[in-house]
Amino acid sequence: MKQAFICLHVAILLAGGTGLFGRLITLTELPLVWYRMTFALALLLPILMATGQFHKLSMKRFLEIAGCGALLAIHWIFFYGSIQASNVSIGVICLTLVSFFTALLEPLLTKSKPRWTELILSVLPVMGILLIFQLDVQFRYGILLGVASSAACAVFSIGSKILINRHKHSSSTMLYGELAGGVALITLIMPVVTYLRPELPIVPAASDLFYLLLLSSIFTIGAFMLQLRALQKVSTFTMTLSYNLEPVYSILYAMILFDEGRELSSNFWIGVLLIVISVVLQTILVKKKKNG
């Protein structure tokens with residue numbers, strides 16, 4: 001269990017840096033996510049084949065995992081759309097709603113009993129987001145996209161957990177299937193979007209290629225292998241609530257690189273405080289359950 005938590009928190013540190021690429025890369029969210037997933041898949045498959053970790057799947061199981069990958073792609077599209085419509089800090093702070101959507105949807109999707117403690121703890125991030133939404137009017141569209149991103153991420157996490165528990169797939173198998181599903185979905189959507197909006201750039205610049213390779217390798221393959229490995233031991237809710245720390249890291253990175261602190265009001269920081277409190281309380285409860 002200790003190793004699982006170490007994997008989880010290293011993954012969160014890496015995930016905290018993914019939002020920065022929404023500012024560094026000049027492409028809009030749809031091609032950005034397509035390149036991210038395509039490059040990651042192209043880098044991952046040879047590694048799995050060379051190390052003997054590539055496992056063939058039946059069509060049914062592949063489609064199940066690919067379906068989760070389509071949800072992952074939707075989550076990323078809304079996530080980067082939120083960042084580009086507002087800023088990195090707003091885009092990532094909305095991800096704290098993933099724990100709320102997980103606590104709300106997991107009992108429905110898994111036909112299990114609701115965990116009222118989880119729902120109560122999830123209210124704190126919701127209050128933080130509502131505070132920011134009501135008072136920072138200029139960021140409302142970005143916040144709405146961020147909320148949609150969080151909902152998609154919660155369903156993706158629940159679906160991944162269900163498949164891992166049902167079929168005991170390895171983290172590498174899950175990852176290549178999910179990446180393939182995401183690439184397939186965006187490949188189907190891309191021609192429609194480019195037809196409707198031909199002015200949108202779809203070819204990356206030289207600097208974009210460097211950032212996309214970095215994002216696809218270390219910040220995607222590395223982070224998700226660690227996350228999926230941790231998910232074999234920790235609960236979905238513990239993982240998603242722990243990921244509430246991701247925005248804290250992202251905000252720190254954005255303040256250092258983009259000086260975003262000047263764009264944020266005191267209400268934003270009150271919202272962040274509520275989110276940090278929810279993470280601390282969850283950590284205390286998990287330790288009490290373990291010791292009890």
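Here, every reference points to the structure presented above.
Quick summary incoming for the structure in this document. (Residues numbered from 1 in each chain as written. Predicted model: local features only at pLDDT ≥ 70, side-chain atom pairs only at ≥ 80, totals over all residues. Heavy atoms only, no water.)

1. Comments concerning a nonpolar patch on the surface
Here is the rule: Surface patches are defined over residues having more than 30% relative accessible area and no salt bridge, joining like charges when they lie within 9 Å and nonpolar side chains (Val, Leu, Ile, Met, Phe, Trp, Tyr) when within 5 Å. We get accessible surface area from the Shrake-Rupley algorithm with a probe of 1.4 Å; when it comes to residues, only the shown protein chains can shield them. Every case where a carboxyl oxygen of Asp or Glu lies within 4 Å of a side-chain nitrogen of Lys or Arg is listed as a salt bridge. Where helices and strands are cited, they refer to DSSP runs of H or I of at least four residues and of E of at least two residues respectively, numbered from the N terminus.
Together, Leu273, Ile277, Val280, Leu281 and Ile284 make up an exposed nonpolar region whose accessible area comes to about 400 Å². Tracing the backbone through its elements, the reader meets Val280 in helix H13 (residues 266-291).

2. Some thoughts on the packing of helix H1 (residues 2-15) against helix H12 (residues 245-258)
Under the convention used in this document: Structural elements are reduced to axes, namely lines fitted to C-alpha atoms, with helices fitted over the stretch in contact, and the angle between N-to-C directions of any two is expressed from 0 to 180 degrees. If an angle is under 35 degrees, it is roughly parallel; if it is over 145, roughly antiparallel; if it lies from 65 to 115, roughly perpendicular; otherwise it is oblique. Crossing handedness follows the turn of the near helix against the far one: under a right angle anticlockwise gives a left-handed crossing, and clockwise gives a right-handed one. Between two residues, a contact is recorded if the distance between any of their heavy atoms is within 4.5 Å.
Running from N to C, H1 and H12 cross one another at 40°; their axes reach a closest spacing of 8 Å. Comparing their axes, H12 and H1 come out oblique. For the crossing formed where H1 meets H12, the hand is right-handed. Facing H1, whose interface residues are His9, Ile12, Leu13 and Ala15, H12 presents Leu245, Glu246, Tyr249, Ser250 and Tyr253.

3. Some points on the pattern of salt bridges
Across all of its chains, the model carries 2 salt bridges by this definition. Of the charged contacts in the structure, one is a salt bridge between Glu64 and Arg166, with a shortest N-O distance of 3.8 Å. Of the two residues, Glu64 is situated in helix H4 (residues 59-85) and Arg166 in helix H8 (residues 140-167); the sequence distance between them amounts to 102 residues. Close ionic contact of Arg197 with Glu199 constitutes a salt bridge, the shortest N to O distance being 3.4 Å.

4. A word on helix H9 (residues 171-196)
Cut-off, in case you're wondering: Under the convention used throughout, the expected extent of a helix is 1.5 Å for every residue step, that is, one less than its residue count. Each residue is assigned a bend, namely the angle between axes fitted to the seven residues that terminate at it and the seven residues that start at it.
With 26 residues, H9 extends 37 Å between its outermost C-alpha atoms, agreeing within 8% with the 38 Å of an ideal straight helix rising 1.5 Å per residue. Its maximal kink placed at Ile189, H9 deviates by approximately 30°, while the proline Pro191 follows within four residues.

5. Some points on the packing of aromatic side chains
Spelled out, the test is: Here a pair means two rings of Phe, Tyr or Trp (six-membered ring of Trp) with centres within 6.5 Å. Their orientation is stacked below 30 degrees between planes, edge-to-face above 60, and tilted elsewhere. Classification of residues uses two cut-offs on accessible area relative to the type maximum, computed with a 1.4 Å probe and protein chains only: under 20% is buried, over 50% is exposed, and between them is partly exposed. In this scheme, the term charge over a ring applies when either NZ of a lysine or CZ of an arginine sits within 6 Å of the ring centre and within 35 degrees of the ring normal.
Taken as a whole and judged by the stated rule, the model has 8 aromatic pairs. Summarising the aromatic geometry, the rings of Phe100 and Phe101 are spaced 5.5 Å apart at their centres and angled 65° between planes, so their arrangement reads as edge-to-face. The class of Phe101 is buried, set by a relative accessible area of 16%. By way of ring pairs, the aromatic residues Phe21, Phe210, Tyr211 and Phe219 are connected into one cluster. Geometry around Phe258 places Arg23 over its ring, the cationic atom sitting 4.5 Å from the centre. Against the face of Trp76 rests Arg36, its NZ or CZ located 3.6 Å from the ring centre.

6. Some thoughts on the side chain of His75
The condition is simple: Pairs of N or O atoms within 3.5 Å make up the polar contacts considered here, provided that, within protein, one atom can donate a hydrogen while the other can accept it, and that residues adjacent in sequence are counted only when both atoms are side-chain atoms.
Among the secondary structure elements, His75 is positioned in helix H4. One polar contact links His75 to Ser149, side chain to side chain, over a distance of 2.8 Å. If we skip the residues at most four places from it in the chain, His75 touches Leu95, Ser149, Ala152 and Cys153.

7. Focus: the environment of Phe268
Position of Phe268 relative to the elements: it lies in helix H13. The buried category is assigned to Phe268, whose relative accessible area is 0%. Once the C-alpha coordinates of Phe268 and Ile90 are considered, the two residues, 178 residues apart in sequence, prove to be 8.8 Å apart.

Keep in mind these values describe shape, not function.
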